[in-house]
Structures are given as C-alpha cells and as structure tokens.
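# Descriptive analysis of the structure
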Amino acid sequence: MVKMVSHRELIALIVQQLNKFNPENQSLEDFLNESAVIQTLNVTEEKFVLDTLAGCTEYKSILDVVVNAFYVQDGRYCPISERNLYIVICYLATFQLEEIGLQHFSRIVKSLDTAKMQQFLRFFFNDLHLNTWIKDEWSHIYDSVYVKENLIDPLLRWQPKVQQLIEKLTDNLSNRSSTVKTSRVTQPKEFNLTAPKPRAIPPPSPAPLPVQPKRQPVPPSIYKPPKERKQLEEIKTKNIRKAKDLLLEANTNQFRCATIKPEKRENIHDSMESKPVFKAQKIQSKIDNIPIKLNTAAILREGALYQRKLEEELKRVENLQQGAGDSSEFLEWQKQMRGKDLEDQLAEIECRKLQGKLSYEEAVLAHQNVTQENKKKADLLREEKAELMHLCAEKRLQEQREMKELVEQVMEGHKNVKQVKEKIQEYKQQIVRQVCEESGELLRQALEEQEEKNRKRYELIQQIRALESLPSIRQIKFVDLTETGGHGLFGEMSVVELRERLALLKEAQKAAEEEKRDQIIQEKQAKEQLILDKLDQISQFRAELGRAAAFKQEEKKKSQPGERPMKDERILNLQKKIVEKTMERKKQAGLLKISPQKTRIVPSKDSFQWNHWKELEESRERQFRMLQHGFMDREAVQKKELIAAARTGAKACILRSDLK
C-alpha cells in the first residue's frame, strides 16, 4: 500500500526536482524517467507532480516575469533559493486554479509558510498589476488576445475569492504575533549515575620469556668505504690535472689563433696585391700631424700588425729570390676588363635612368589631361550645389517661422508655471530651516559629549605620566673582560684574548697587502717598458710606410687616365624623346594656365624630381672616378648601382599607379 503524501511534501518535491533539472543537458522526459522519487507516489499524486513540472518548464518565460518583478519590489529580502517555490504557486494560480479548485489551492497555500504566501499572493492578485505591466509583459511573449481571454480574465474572476484567502492568512499572522509564549517550569530529574563495575580477578603470573639465540656480529666490510667511490676520486683527480695542463697550454698559446700559417701567406699576399690600392684624399687643413693618444691594447695590436707585415715582406722577398713570378701583367689585364664591364654597366644604368625620366614626362601629361576633365566636372557640381543651397535656405526660413510660433505658445504656458514654482520654493525653504535647527541642536549635544570624553582621557593620561616619572632602581653589574662566558664550547675565549688575536690577524693581513703591492708595482713597470719598446717600433714602421705611400701617390698622379665620355645610340634616342615630351608638357601647361612647378603627381614637386635625377647622375660619375682611383672594388659598385636603378624604377611605377 502506497503511503499518502501531504500537500507540503508534494510542493517540496516539485521544487526539489525543478532545482535539479537543467534543460541544457537533458530533456524533461528523460529527467522524469530517471527520477526514482516520483515513482513511489500513487497515481493521483504522480499525475499532479508531472503536470506541475511540465507546466512550470513550458511556461517558464511568463512565470519568470512575475517572479522577477516580485523579487525587485516586495520580495527584496526573500532568499533566492525559494525562487522555484514562487514559480510553482504562480503556475497553479494561473493555469491550474480552474482544474484543482479554490479549496484544494487553499489547502496547498495554508500548508506552506503563511507570511511568504500572503506576501506573494497579495502582490500577484493586485488589480493594478494584472491590468498594467503583467498584461503588457505577457503580450510581448504571447498574442494579446490570448493573454486577455485565457490568462488575465480568469485571474480577475478569481481575484475576490483569493482576496478572502489573503485576508485569512493576514489574520493568522496577526494572531500568531499576539500570542505570548508561556514559560515552562523547570522540573528536576534524578541523576543517571553509572553503577560501579565489579572488581576483576587478577590474572595469573606471566609465563617466562623465551631466550633468543645470539645474533651474528656485523661484518667489517660494512664500515669500509666502497671501491667505486675510490675509483671516482681517482678519475676526478686525473680530470683536474688534465684541465690544469690544458689551461696552461691555452695561456701560453693564446695569440697563436691570430697568426697566419706559412703556407697561406702567399695566397693572402697575392689577393692583397690584386686588389686596387686605397688612395686617401689629403684633407686641406691648417693643423697637421695631430698626436693621437693610444691605450695599451691599441699599442700592442698595432705592434703585432707591423710585426706580421714585416714577416710577410720577408717571406715575399725569399720567394722572389727563389724564382717566384710577378703577377703585374695579369693585374693590368684584370683592371682593363673590369673597366670595360663598368662602362657597360654605367651605360645600362644611364638607359634605365632616361627611361624613368621618359615615364615621368608621360605621367605628367596624363595627369594634366585628368586635371582638365576634373575641372569640367567641378564646374557642373558647383552649379548643382548652388541650386541645392537655395532650396535649403528657403526650407530653413520656413522652419524658423514655425519654431517662432511654437516658442510664443510655450512662453504663454510658462507664465502660469512661475507662480506655482514660487510657492513650492517657499515651502522647501521652510523645511530647510526646520532641519537646520534640529541638526544644530544635535551637533551641540555631540560636542558636549566629546568634550566630556576628552576631559576624562586627559586625566587618565596625567595619571599614567605621573606613574612613569617615578624613578626605578637598577642593579649595577660589573663585567670582567678577562673571563670566558662559561658556555662549555671548544673555541671559547675571553674578550681580551679575542682582541689580541684580531690585532695579530690585522698585522698579518697588512704585511700580505704590502707584499702584493710591491709585486704589482714591479709588473706594472715591466709592462710600461714593453709598451715603450713597442711605441718606438711603431714610430719607425709609420715613418717607412708614410714615405712609401707618398712615393706611390706621386706615381699614380702621373699615370692617372682621363675620364672618357660614355655615349650610346640608345641613350641619345631616349634623350631626344625626353626633350620632345618636355616641350609637349610645357605647351599643354601653358594652355591650361598651370605652372609646371605646381603640377603634383606625388607629394614632391617637379623641381624636386629634377634635383633627384641630377643627384643620381653626380653620384654615378663620382663612383666611376672613385673606381678609377682605387677607392671601391667591383662588387660594391655593382651593389650601389643596382640599388639606385631599383629606386628609379620604383619611382616610375609609383607615378603610373597614382595616374590610374
């Protein structure tokens, strides 16, 4: 036989299931099938629970409107955990009141908390709420005709009877608060003392313990260190000795990596002689031979350089004595071939430059044609704009007249409002005076109480200071510096002994510092003598190199070739085309009354473009002369010329893209 469940337990069961149900993870049908609590109910109760759960889930949107508003207005202090309880009561009152009847609904409400149900029903069955915002909010979700006929009208029809139920709940609350709980008289009870247990019979004497056999002694190998540790120590010692030997060898041969092997010196010397000799231009200045202060590293580096050059020169002389050949003819032929390659490259670059100028002139002509077309379009747009401005001005005058009439009407209405504002202002001023008087009285009372507290606090501070000013008796303890502390430590000593040992340590440290200082001074003097020797050697090498450079410069001045003009048929044809395009552009600019300086294709001016071409020409001529004099090698010239040609081509592409 299934046990009957009360209304309170049924509502609690429905609220519990609503709290567990999550519509995002599972459907309501699966959730109800998995619920074991619902299956223990009888048929009627199970039907009621299932219908209520399905209805609360289906009509959740319109039920949330009422419950959310209840929590905002009357239920501000109600716990949010009881939200599903109010949803169930709202569903029963809205959809199930016709089916279950008012009597059954009253039993359900009375079985729950009286104060909460009275507060919620009074809020929900309010005529003003049902006819205004509840109806409007539900009409956003369902059709307004359906809401009025099937939801609002039944609630208004049941409203008088539900109002009687609310009055009964209010009476029950007032009767409950008026009743006074009677105090109970304390009745004494006897102590529930534990009965004493009977004494236990003492156990018989224990049996003698069995004698254990004598254990074997610990073997002596336990206290000996293992052989692996000894082997590791030997390997570690060998590695340390090997590392020290490597460090000593690296310190003694630390500059060997900078020296050149004898078999490679001939190749390096040949490659150095094949390169053109750098010829420095003499700077005209009044001050010559300014002394430059060198540090120690620079002196040693320069000394090593001159020593290496001396060894290379000696090696070259030995090779010549042994019959080695001279590569001067090959170098001369190589220089001529490089000159021809350079002339071909410069001619190609000049063609590209002239092609860029030609594309620039064509772009300027196209831009002038576009400007003329735009000018015609602008004239048409100005005429249309003038007509539109005229129509807009007429419309604005009409709007101003209408606004003026409206302002006059509003001013007449403001005259009557001024009198009402003056009365309200007088009433507010009177209220402010009363509040100021009351606040002044409260402030005066607070000041008096604060003065009393400060007075008591001042007296207490005076008493504490008087107690602190009393003299305290201190015991004088004499300290003997020759005695130890008596702590029982191995290295314990007195203060006098400690001072003596510190003095001895300071003297030893001072003697070590003096010895170290003398050693440093000796090393410094030896290093200074080495640097002076290096400086003498460097000055001799510099003098010899200066004389050799002057002699070589005089020879090059005599054998310096003159510059040859580079002209090609393609270059001449391109120059003629550029002149023709320039004349055509100037003629068209004169017709359009536009000066060439103000024609803008890109953000730079025309004069800037010609200066750019001129700078490119000068830079190419300068590079050609530098190559002849030996300032730059072939690879550097090719790289710079290719970069300049790429910039020229990029500038022409930018001009064409702007015209498009």
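On a predicted model such as this, the values are computed, not experimentally measured, just so you know.

## Re a nonpolar patch on the surface
Together, Val479, Leu481, Val495 and Val496 make up a nonpolar patch on the protein surface, roughly 300 Å² of accessible area in all. Positionally, Leu481 belongs in the loop between helix H14 (328-468) and helix H15 (495-558). Overall, the relative accessible area of 34% leaves Leu481 in the partly exposed class.

## Quick notes on the packing of helix H5 (residues 83-95) against helix H6 (residues 97-111)
Where H5 meets H6, the closest approach of the two axes is 8 Å, and the angle between their N-to-C directions is 135°. With respect to each other, H5 and H6 are oriented oblique. Crossing hand, H5 versus H6: left-handed. Judged by residue contacts, Ile89, Leu92, Ala93 and Phe95 of H5 engage Leu97, Phe105 and Ile108 from H6. Residues of the contact of H5 with H6, tallied by class, amount to seven nonpolar, no polar and no charged.

## Thoughts on the packing of aromatic side chains
Both the distance between ring centres and the angle between the ring planes are used here to describe each pair of aromatic rings. One pass over the structure, following the stated rule, counts 13 aromatic pairs. Between Tyr59 and Phe95, the ring centres sit 4.2 Å apart and the planes meet at 20°, which makes this aromatic pair stacked. Linking Tyr59 in the loop between helix H3 (43-58) and helix H4 (60-72) with Phe95 in helix H5, this pair joins segments that are 36 residues apart in sequence. Residue classification places Tyr59 among the buried positions, given a relative accessible area of 18%. On the basis of relative accessible area, Phe95 is assigned to the partly exposed category, the value being 21%. Arranged with centres 6.0 Å apart and planes meeting at 80°, the rings of Tyr71 and Tyr86 form a pair that is edge-to-face. In this pair, Tyr71 sits in helix H4 while Tyr86 sits in helix H5, placing the two residues 15 residues apart along the sequence. Residue Tyr71 is classed as buried on the basis of its relative accessible area, which comes to 12%.

## Observations concerning the pattern of salt bridges
On inspection of all chains with the given rule, the structure shows 19 salt bridges. A salt bridge links Glu82 to Lys116, with the shortest nitrogen-to-oxygen separation between them at 2.2 Å. Taken together, the residues span a long stretch of sequence, with Glu82 in the loop between H4 and H5 and Lys116 in helix H7 (residues 114-124) at a distance of 34 residues. Residue classification places Glu82 among the buried positions, given a relative accessible area of 17%. Between Glu350 and Lys353 there is a salt bridge, and its shortest N-O distance comes to 2.7 Å. Of this pair, Glu350 and Lys353 both sit in helix H14, three residues apart, which is roughly one turn of the helix. What makes Glu350 buried here is its relative accessible area of 19%. Under the relative-accessibility criterion, Lys353 is labelled buried at 1%.

The rules behind each value
Residues numbered from 1 in each chain as written. Predicted model: local features only at pLDDT ≥ 70, side-chain atom pairs only at ≥ 80, totals over all residues. Heavy atoms only, no water. Patch = residues over 30% accessible without salt bridge, like charges linked within 9 Å, V, L, I, M, F, W, Y side chains within 5 Å. Areas by Shrake-Rupley, 256 points an atom, 1.4 Å probe, with all protein chains shown as cover. Salt bridge = Lys/Arg side-chain N within 4 Å of Asp/Glu carboxyl O. Helix = DSSP H or I, 4+ residues; strand = E, 2+ residues; numbered from the N terminus. Buried < 20%, exposed > 50% of the residue type's maximum accessible area, 1.4 Å probe, protein only. Axes fitted to C-alpha atoms, helices over the stretch in contact; angles between N-to-C directions. Parallel < 35°, antiparallel > 145°, perpendicular 65-115°, else oblique. Left-handed = near helix turned anticlockwise from the far one by under 90°. Contact = heavy atoms within 4.5 Å. Nonpolar A, V, L, I, M, F, W, Y, C, P; charged D, E, K, R; others polar. Phe/Tyr/Trp six-rings, centres within 6.5 Å; stacked < 30°, edge-to-face > 60°.

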